[in-house]
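Residue strings, one per chain:
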Amino acid sequence: MSDISKKKNAKVFSFPKTYFQWRDRNWRSFSSDDLSVDFVLAYEQDIDTDKLKKREIFETNLQEVGLLLEKEERQKIHFVKIHVPKDVICQYAELLKLRLPLKDPDHIHISENFVTSVINKCLDFINVRLDERKFPPKKNKLTADFSRDKFYLFDMEASDFFNTSVRITVISYILERERFGGDFHDKGIKKLLSDNIYKAAYPLHDGDLNQNGCMRKLLFEEWAAVSKLVKYQPVDDIKDYFGVKFALYFAWLGFYTHMLIPASIVGLLCPLYGWFTYRTDILSKDICQLDITMCPLCDKVCTFWKLNEGCTYSRIAHFIDNPMTIFFAVFMSVWATIYLELWKRYSAEITHKWGLTGFDLQAEPPRPEYLTRLHNAKKKKLNVVTLLDEPAVSFWKVKLPSLIFSFSVAILWICLAMATVVGVVIYRMAFISSDSLYGDKTSYRIYAVPITAALINLSCIVILNLGYDRLAEVLTDMELQRTQTEYEDSLALKIYMFQVFGYRQEECNPGGCLMELTIQLTIIMICGIPKSARS
């Protein structure tokens, strides 16, 4: 690219002279042209010539691939605005095998049957459907891998053909692979951010929360608001604004939450049934009224004890553990099957609607980290989908040993988690032994054992999770996974293996184990909410 074209693509913005000009200007577009800002790089000007040189090389390479840049250098934090032209989007959409909508000249209207009509009327009555004036229904369009040679098949004239998520996908792919130095490892925006050459890299929202007409404000008021909790989610608009992964997560979360409504109603019947029947419960009456002497709990130091010592505990446990619990267990077995089958149907519907079917893993581009680590690899392998040579490693000599080592360390960490479970069990046994040795029969011990054991277990889970999450990432990096999908699948498997191991129930009060289990799970789940919220 010539020096003249470089100056044309990289423009320096003249900062507004007054506060009102600064406040009212449009940050979503270039200052001199009506071009949208698709991505922003932020940095602080410093005297380090090495950082300055790397930024210049990186930005020059971005211009070489066709991106348009504009700089703002009149503040403490400087910004580089990036716009991706249509021809660049077409080039990389074809390279990335992005599935985009085809032309739809003849829209087929699907008539409603009687069942669908009744269901829709019920949904309108309880006011849970979306307002079609704010979220117009989108037509189902067929999608296909984009090809510039067959552009006439695609609806490229549509205003939302290259939507925000497509533009961000293309720019992210370019930013992660462009070089900024002579060394092969000097590549990608992640390295620049870790070296503090850039402070941040992010896409912009389409407007302010107070700006009428922007999708950000609409989603904030009609989707993220607590008052809209019972309404359906605009998953199509979420997909177009935030991307497919984000939309799929919230599609599952919303479906799962709605399916929990009947389960929660039936679950509330259990304590209600216990409340109305606790005075007539035969088991609690026998424990409280009969004078029965029980055998010692241990061989040497333990003595005989009375069954009615567990009277209070058995009455409290009856609110949770009663005949209604059996019905709830049967109901949940049926509910789990129905939930799984309905989710399969719903997920198949949205994946087909969004063009996510027929995905070929070979078509996914290699991870930048994978290419960086194998840049000196002598072995090459032809990708039968992209018809490009990619670096490859021997499965038996490199891949398999790294997998064995990775999962061996993960299993060792899991054994450490199991050791903490054993430690909690020993704590419970020591508590019970001290109760027997010293003859302390105070009632607070009925609740102190499960509560303190649950708190100890929760502390161990939090501490081990902090270390294991980072360890799982390091181990997965060692496995040389080719694509981001393979990397995420391997990482999710390791985390799932660790999360499976929970608390083990041991010695219980004569009134039953379910009450103690309820206390422990309640503490672990409630105290785990802040961690989930941060995630």
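Our subject is the structure listed above.
Since we're looking at a predicted model, the values are computed, not measured.

Asker: Give a detailed account of the overall build of the protein chain, specifying residues and quantitative values.
Answerer: When its secondary structure is counted, the protein chain shows 19 helices and 11 strands. By residue count, 35% of the 535 residues in the protein chain fall in the buried class. Counting only contacts in the protein chain whose residues sit at least 6 apart along the sequence, the fraction spanning at least 24 positions is 68%.

Asker: An account of the packing of helix α9 (residues 235-242) against helix α10 (residues 244-277) is needed here, citing residue identities and associated values.
Answerer: Relative orientation of the contacting elements α9 and α10 amounts to 150°, with a least axis distance of 7 Å. As the angle between them shows, α9 and α10 are arranged roughly antiparallel. Crossing angle aside, the handedness with which α9 passes α10 is right-handed. Counted together, Val 235, Ile 238, Lys 239 and Phe 242 of α9 and Val 244, Phe 246, Ala 247 and Ala 251 of α10 form the full contact between these two elements.

Asker: Before we move on, can you summarise the nonpolar core with the specific residues and values?
Answerer: Leu 41 and Ile 82 are the most contacted members of the largest nonpolar core, which has 35 residues in total. Residue contributions to this core peak at six residues, all from helix α6 (residues 164-175). Apart from the residues lying within four places of it in its own chain, the contact partners of Leu 41 are Phe 58, Leu 62, His 78, Phe 79, Val 80, Ile 82, Leu 175, Ile 189, Tyr 198, Ala 200 and Ala 201. In this structure, Phe 135, Trp 223, Ala 247 and Trp 354 belong to the second largest nonpolar core, which totals 12 residues.

Asker: Any chance you could break down the pattern of salt bridges for me, citing the residues and the numbers?
Answerer: By the definition in use, this model includes 24 salt bridges. As a salt-bridge pair, Lys 138 and Asp 240 come within 2.2 Å of each other at their nearest N and O atoms. Here Lys 138 is found in the loop between α5 (114-126) and β6 (143-145), whereas its partner Asp 240 is found in helix α9, with 102 residues between them in sequence. We classify Lys 138 as partly exposed; its relative accessible area is 31%. The network of salt bridges with common partners includes Lys 138, Asp 237, Lys 239 and Asp 240.

Asker: Outline α6, listing residues and values.
Answerer: Over its 12 residues, α6 runs 16 Å from end to end, which matches the ideal 16 Å to within 8%, given 1.5 Å per residue. By the burial criterion, the buried members of α6 are Ser 165, Val 166, Arg 167, Val 170, Ile 171, Tyr 173, Ile 174 and Leu 175.

Asker: Any chance you could break down the environment of Gln 75 for me, citing the residues and the numbers?
Answerer: With respect to the helices and strands, Gln 75 occurs in the loop between β3 (68-72) and β4 (77-83). The exposure class assigned to Gln 75 is partly exposed, which follows from its relative accessible area of 26%. For the pair Gln 75 and Glu 44, spaced 31 residues apart in sequence, the C-alpha to C-alpha distance is 9.0 Å.

Asker: I'd like to hear about the pairing of β3, residue by residue, with values.
Answerer: Counted residue by residue, β3 has five buried out of five residues, so it is predominantly covered. In β3, alternate side chains face the same way, and those of Leu 68, Glu 70 and Glu 72 on one face and Leu 69 and Lys 71 on the other are all buried. Two strands pair when backbone bridges link them, and β3 and β4 are joined in this way by five bridges, in the antiparallel orientation. From the neighbouring strand, Glu 72 faces β4, where its bridge partner is Phe 79.

Asker: Go over the pairing of strand β2 (residues 39-44), please, and point to the residues and values.
Answerer: Burial analysis of β2 places five of its six residues in the buried class, which makes it a mostly covered element. Two strands pair when backbone bridges link them, and β2 and β4 are joined in this way by six bridges, in the antiparallel orientation. Counterpart to Tyr 43 in the pairing with β4 is His 78. Where β2 lies against strand β7 (residues 200-202), three bridges are found, and the strand directions are antiparallel. Bridge assignment links Leu 41 to a residue of β7, and that residue is Ala 201.

What counts and what doesn't
- Residues numbered from 1 in each chain as written.
- Predicted model: local features only at pLDDT ≥ 70, side-chain atom pairs only at ≥ 80, totals over all residues.
- Heavy atoms only, no water.
- Helix = DSSP H or I, 4+ residues; strand = E, 2+ residues; numbered from the N terminus.
- Buried < 20%, exposed > 50% of the residue type's maximum accessible area, 1.4 Å probe, protein only.
- Contact = heavy atoms within 4.5 Å.
- Axes fitted to C-alpha atoms, helices over the stretch in contact; angles between N-to-C directions.
- Parallel < 35°, antiparallel > 145°, perpendicular 65-115°, else oblique.
- Left-handed = near helix turned anticlockwise from the far one by under 90°.
- Core = buried A, V, L, I, M, F, W, Y, C linked by side-chain atoms within 4.5 Å.
- Salt bridge = Lys/Arg side-chain N within 4 Å of Asp/Glu carboxyl O.
- Expected span 1.5 Å × (residues − 1).
- Pairing = 2+ DSSP bridges.

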